[in-house]
Amino acid sequence: MQTHPGTGDPAGESGTPEGGHLGRLAATIDRLRREVQRAHLAADGRALIEMATGILVERLGCGPTQAAQQLTTLAEQAGVPVVHLAADLINQSSRDRVSEVARDFLAMAGGDAGDDEPVALRLRTAESGLLSAPDTQAVAESLLEHALTPLGATAVAVWLADTGAALTLAGYAGFGLEEARRWRYVPPGVATPARKALTERAVARIPSLREAGLPSIGHRQVGGGRVVAPAGTGGRIIGVLEICWPDEVGPLSPQIRRQVEALAELCAHTLDGPAGPPPGTPDLAQVVELADGLLDAAVVLTPHLDPEGRLADFRIHHANARFLDPAGRPRSSVTGSLMLEAYPMAAGDGGLFEKIERVHATGEAFRTDRMAVTALVDQVPLTTTAGVSVTRHGDGVLLIWRIEDEMARVASLLQHAQRLGRIGGFEENAVTGEIVWSRQIYDLYGLPAAAPPIPLEGLRDHAHPDDGAAIARFQRTLLHHRHPASVAFRVQRPEGVSRHIRVVAEPVFGEDSRLTAVRGVYQDISSQHWTEVALAATRDRLEHSEQQSAERNKLALQLQQAIMPPMRPPIDALGLRIAVRYRPAEKEHLVGGDWYDTVVLPSKQILLSVGDVAGHGIEAATGMVVLRNALRGLATTGAGPGQLLAWLNLVAHHLADNITATAVCALYDPDTRVLRWARAGHLPPVLVRDDEPEELPLIGGLLLGAVSEASYEEGDVQLHPGDTLLMFTDGLIERRDQALQHSQERFLAGTRAGAASLDELLDRLLAHSESDTDDDTCLIGVRLR
């Protein structure tokens, strides 16, 4: 029994050959050096090997070839040279049973013979069953009965790997017939545990099938762990052995791993048994015939095994007539040589040799449009780019490459550019009249490829009548004045659809300055044209909207300025000096709804109010007019400020267009010098007494228009001579980067500095305002004399 690369991994579960792909190149060089030594050693040991082979022929009752193969297998498993094992067999010729030889082998490999004897017996019994089994189904049943059931396994499946990496169920045990029928074929690309072993080319352990989420035969009935091992010989994977356990599978011991690898190899020999390859598998002569029929360079490769039966290289069996070597060598110089000797640079990680090895092992084809192929020319690496295809056909591998031509590459890029840009090139011979169009121009005109091209003189026959004048100017400039020219027109396609096309052309002159040809391009600019039309329409609508918006803002500004000019002369009435300031927003479209009002009522009380309607523009300005005038009219009833705001809330909620606003309303009685006030969500007034500012208490009051009915608390303050009362909107103090409380504190600090007059105080407060909201601002100052 043998374990070959690609069918097991003695070093672990990684599947990576020792030394990597670069190690293969070094092994090739070392192999050539050791061949001379091996020839001498072979001559000395041949007699012993032939004698041991004769002993096995007698004891096993087999032919010389089978006996020699068995001797080589046992030597490999024992880890000793064949000549050494031959000497031991001669010295111990009394042992005449294969099971006894196997026990000795496992004793050497595993330590104490007594501990490994059950393993040896199971393994050899299973081998005997496999050798006598008539088909793969019987092989699977024998494996489960003799070798796997003692290990706790409950089912086994043997898969045959078809060309193209498909999997066919060749034998099974422990599963029902219906389940086997459902899983008789697994297409390429379906992720299963067997596919994992085929892809990784190594023994793989799936601790829990349910946790891994991999479907497989019997996964509903046997959902525990799985162990899968590739079954193959000579680096070629023929199938996969899948062993099922009812519970989770832990890490595999070296002894169990060796058994699984040995059983997988027995399966490989059965799958590749006396019946030969499956029907339809091409032989090497057919692969050679296939390569000779190709239009690209192709070589047929056959696996080259080392003396231990491991894949070491591939031999170039045949190169077809179109073979083109990257190093410029004739095909006769590479035919018959080994791949790594002819192309040593292919051994790099991820290189060509690795792709060939994988295709040979799994049967899954490899194709790429661009791959670097490096050859040595006088010890100088020469890298070319080629399209590569690698496929397996029986025991042979067909390698096809197409070295990329720079001109062909540029032509391909130009074709893609023409397709993406909807551009087509043309040339019109001025002497013979011959016209050459690229395929894209036929598509632009909606003509079949067999239709005759349209000459430049005939453009008007296929264009919209309104574009005839522009085409005539183009023809006159190009054909008569012989200058480069361009024109955009609408082409009338046969199906009645119009396309917008631009033609750019230039004359080509010969050595005698005579016009020889006209070359140019057609470009479909329909998308660009309709985009420009849409942009123009959008631009017109935007200009109209901007004009309407500017007119509305201008109207709102005029309305606001008419009612509240930025500055009014101070008012002296009933012992009070009243000054007002209004600062409109810096931008017209931000015209807001701030208002102020001071009026002496018929009752000799003085109404003081400020407010701010939410929003900007004409709606906010008209809402401000409604609330300001309504409050002035309501104040004549003699009601207090709380009642006035309650009525004003009804106006905002029901009579206006659902506007919301904040406001402060105050009534000053000159007889008692008492100021009564109420607020609707607005900042309270500020009282400055003896140069110390203080906000009036924050009494309750909901903003106007929020609900249909609301009540508002009232506050009062006794004014003394010299007191100053300030009422303002948030546009005076509000900043985007600060909390409102911080802005109020800074405003209060700005009122502490003494001022010669009330007007100077208001002007200074406006000038030093740090607000950055671009909102309009109202400010009322009242000073008791």
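Residues numbered from 1 in each chain as written. Predicted model: local features only at pLDDT ≥ 70, side-chain atom pairs only at ≥ 80, totals over all residues. Heavy atoms only, no water.

Enquirer: Give a description of the nonpolar core that names residues and reports values.
Expert: In this structure, Leu301, Met339, Tyr343, Leu352, Ile356, Leu399 and Trp401 are the most contacted members of the largest nonpolar core, which totals 29 residues. Every element with two or more residues in this core is listed here: strand S7 (297–305), strand S8 (311–319), helix H13 (339–342), helix H14 (352–362), strand S9 (366–377), strand S10 (380–393) and strand S11 (396–403). Grouped together as the second largest cluster of nonpolar side chains are 28 residues, Trp595, Leu631, Leu634 and Cys665 included. (Core = buried A, V, L, I, M, F, W, Y, C linked by side-chain atoms within 4.5 Å. Buried < 20%, exposed > 50% of the residue type's maximum accessible area, 1.4 Å probe, protein only. Helix = DSSP H or I, 4+ residues; strand = E, 2+ residues; numbered from the N terminus.)

Enquirer: Describe in detail the pairing of strand S14 (residues 485–492), supporting the description with residues and values.
Expert: Residues Ala485, Val487, Phe489 and Val491 of S14 are buried on one face, while the alternating residues Ser486, Ala488, Arg490 and Gln492, pointing to the opposite face, are not. Relative to strand S15 (residues 498–509), S14 runs antiparallel, the two being bridged by eight bridges. The residue bridging serine 486 from the neighbouring strand is valine 504, located in S15. Between S14 and S15, which pair antiparallel and follow one another directly, the connecting turn spans five residues, one of which, glycine 496, has a positive phi of 90°. (Pairing = 2+ DSSP bridges.)

Enquirer: Give me the lowdown on the packing of aromatic side chains, citing residues and values where you can.
Expert: A complete count under the given rule lists nine aromatic pairs for this structure. Judged by centre distance (5.2 Å) and plane angle (55°), the rings of phenylalanine 426 and tyrosine 522 are tilted. Placement of phenylalanine 426 in strand S12 (residues 423–429) and of tyrosine 522 in strand S16 (residues 515–524) is noted, with a sequence separation of 96 residues between them. Of the two residues, phenylalanine 426 and tyrosine 522, both sit in the buried class. Centroid distance tryptophan 437 to tyrosine 522: 6.2 Å. Interplanar angle 70°. Geometry classified as edge-to-face. Here tryptophan 437, found in strand S13 (residues 435–437), pairs with tyrosine 522, found in strand S16; they are 85 residues apart in sequence, far enough to count as distant. Note on accessibility: tryptophan 437 and tyrosine 522 belong to one class, buried. (Phe/Tyr/Trp six-rings, centres within 6.5 Å; stacked < 30°, edge-to-face > 60°.)

Enquirer: I'd like to hear about the sheet that holds S14, residue by residue, with values.
Expert: As a general point, the strands of a sheet are linked pairwise by backbone hydrogen bonds and lie either parallel or antiparallel. A sheet is described by the order of its strands in space; here five strands give the open sequence S13-S12-S16-S15-S14, paired in antiparallel fashion. Strands with a single pairing partner mark the edges of an open sheet, and in this sheet they are S13 and S14. Looking at each pair of strands side by side, their axes are set apart by 20° on average, direction ignored. In this sheet, S16 lies alongside S12 in antiparallel orientation, the contact comprising seven bridges. Looking at the pairing, glycine 425 lines up with valine 521 of S16. This element, helix H17 (residues 468–480), spans S14, S15 and S16 of the sheet and lies at about 140° to S14. (Axes fitted to C-alpha atoms, helices over the stretch in contact; angles between N-to-C directions. Contact = heavy atoms within 4.5 Å.)

Enquirer: So what's going on with the packing of helix H6 (residues 136–148) against helix H10 (residues 254–271)? Which residues, and what values?
Expert: One way to put it is that H6 packs onto H10 with a least axis distance of 11 Å and a crossing angle of 165°. Classified by the angle their axes make, H6 and H10 are roughly antiparallel. Of the two elements, H6 crosses H10, and the hand of that crossing is right-handed. Taken together, the residues of H10 that come into contact with H6 (itself represented by Thr136, Val139, Leu143, Ala147 and Leu148) are Leu263, Cys267, Thr270 and Leu271. (Parallel < 35°, antiparallel > 145°, perpendicular 65-115°, else oblique. Left-handed = near helix turned anticlockwise from the far one by under 90°.)

Enquirer: Could you give me a rundown of the sheet that holds strand S17 (residues 571–573), with the residues and numbers involved?
Expert: Spatial ordering of the open sheet is given by S17-S18-S27-S26-S23-S24, a layout of six strands whose pairing is antiparallel. The open sheet has two edge strands, S17 and strand S24 (692–695), and neither has a second partner. Strand-to-strand twist across the sheet, computed as the mean angle between neighbouring axes with direction ignored, equals 20°. In terms of strand pairing, strand S23 (residues 686–689) meets strand S26 (residues 724–728) through three bridges, oriented antiparallel. Across the sheet, the residue bridging to valine 688 is threonine 724, located in S26. Across the face of the sheet, helix H21 (residues 740–750) comes into contact with S23, S24 and S26 while running at roughly 150° to S24. This element, helix H22 (residues 758–767), spans strand S18 (576–583), S26 and strand S27 (777–784) of the sheet and lies at about 25° to S18.

Enquirer: Any details on the pattern of salt bridges? Residues and values, ideally.
Expert: Tallying each qualifying case throughout the model produces 20 salt bridges. In this structure, arginine 402 and aspartate 296 form a salt bridge, with 2.8 Å as the shortest nitrogen-oxygen distance. Taken together, the positions of arginine 402 in strand S11 and aspartate 296 in the loop between helix H11 (284–292) and S7 put the pair 106 residues apart, joining distant regions of the chain. For aspartate 296, a relative accessible area of 21% puts it in the partly exposed group. Here arginine 439 makes a salt bridge to aspartate 443, at a shortest N to O gap of 3.4 Å. Pair noted here: arginine 439 and aspartate 443 are both in helix H16 (residues 439–445), with a separation of four residues, about one helical turn. For arginine 439, a relative accessible area of 53% puts it in the exposed group. Taking the relative accessible area as the measure of exposure, aspartate 443 reaches 42% and is therefore partly exposed. (Salt bridge = Lys/Arg side-chain N within 4 Å of Asp/Glu carboxyl O.)

Enquirer: Run through unusual backbone geometry, naming residues and quoting values.
Expert: In this structure, arginine 482 is a non-glycine residue whose phi angle is positive, near 60°. Mapped onto the elements, arginine 482 comes out in the loop between H17 and S14. Overall, the relative accessible area of 38% leaves arginine 482 in the partly exposed class. The backbone of aspartate 691 shows a phi angle near 65°, a positive value even though the residue is not glycine. Along the polypeptide, aspartate 691 turns up in the loop between S23 and S24.

Enquirer: Can you explain helix H20 (residues 641–655)? Please cite residues and give values.
Expert: Between its terminal C-alpha atoms H20 stretches 20 Å, which fits the 21 Å expected from 15 residues at 1.5 Å a residue. Every buried residue of H20 is listed here: Pro641, Gly642, Leu644, Leu645, Ala646, Leu648, Asn649, Val651 and Ala652. Where H20 is buried, its residues touch helix H19 (618–635), strand S21 (661–669) and strand S22 (674–680). (Expected span 1.5 Å × (residues − 1).)

Enquirer: Pulling in residues and values, what's your account of the environment of phenylalanine 747?
Expert: Locating phenylalanine 747 in the fold gives a position in helix H21. Taking the C-alpha atoms as reference points, phenylalanine 747 and proline 693, 54 residues apart in sequence, are found 9.5 Å from one another. Those residues within four positions of phenylalanine 747 in sequence are excluded, and the remaining contacts are Val686, Leu726, Phe728, Leu732, Ile733 and Leu765.

Enquirer: Outline the packing of H19 against H20, supporting the account with residue identities and numerical values.
Expert: Where H19 contacts H20, the axes come no closer than 10 Å and their chain directions differ by 140°. By the criterion of interaxial angle, the relationship of H19 to H20 is oblique. Both H19 and H20 take part in a crossing whose hand is right-handed. Where H19 approaches H20, its residues Val626, Leu627, Ala630, Leu631, Leu634 and Ala635 are matched on the opposing element by Leu644, Trp647, Leu648, Val651 and Ala652. The residue makeup of the contact of H19 with H20, split by class, is 11 nonpolar, no polar and no charged. (Nonpolar A, V, L, I, M, F, W, Y, C, P; charged D, E, K, R; others polar.)

Enquirer: I'd like a rundown of the pairing of strand S6 (residues 236–244), residues and numbers included.
Expert: The element S6 is largely enclosed, with a buried count of nine among its nine residues. Relative to S6, strand S1 (residues 155–161) is paired through six bridges, and the arrangement is antiparallel. Bridge pairing in S6 places tryptophan 159 opposite valine 240. Pairing between strand S5 (residues 226–233) and S6: eight bridges, direction antiparallel. Looking at S6, one finds that alanine 231 is bridged to glycine 239. Counted between consecutive antiparallel strands, the loop separating S5 from S6 contains two residues, among which glycine 234 sits at a positive phi close to 60°.

Enquirer: Would you mind going over a nonpolar patch on the surface in detail, with residue names and values included?
Expert: On the surface, Leu702, Leu703 and Val707 cluster together to form a nonpolar patch covering roughly 200 Å² of accessible area. Considering the arrangement of structural elements, one finds leucine 702 in the loop between S24 and strand S25 (715–718). Overall, leucine 702 belongs to the partly exposed group, its relative accessible area being 40%. (Patch = residues over 30% accessible without salt bridge, like charges linked within 9 Å, V, L, I, M, F, W, Y side chains within 5 Å. Areas by Shrake-Rupley, 256 points an atom, 1.4 Å probe, with all protein chains shown as cover.)

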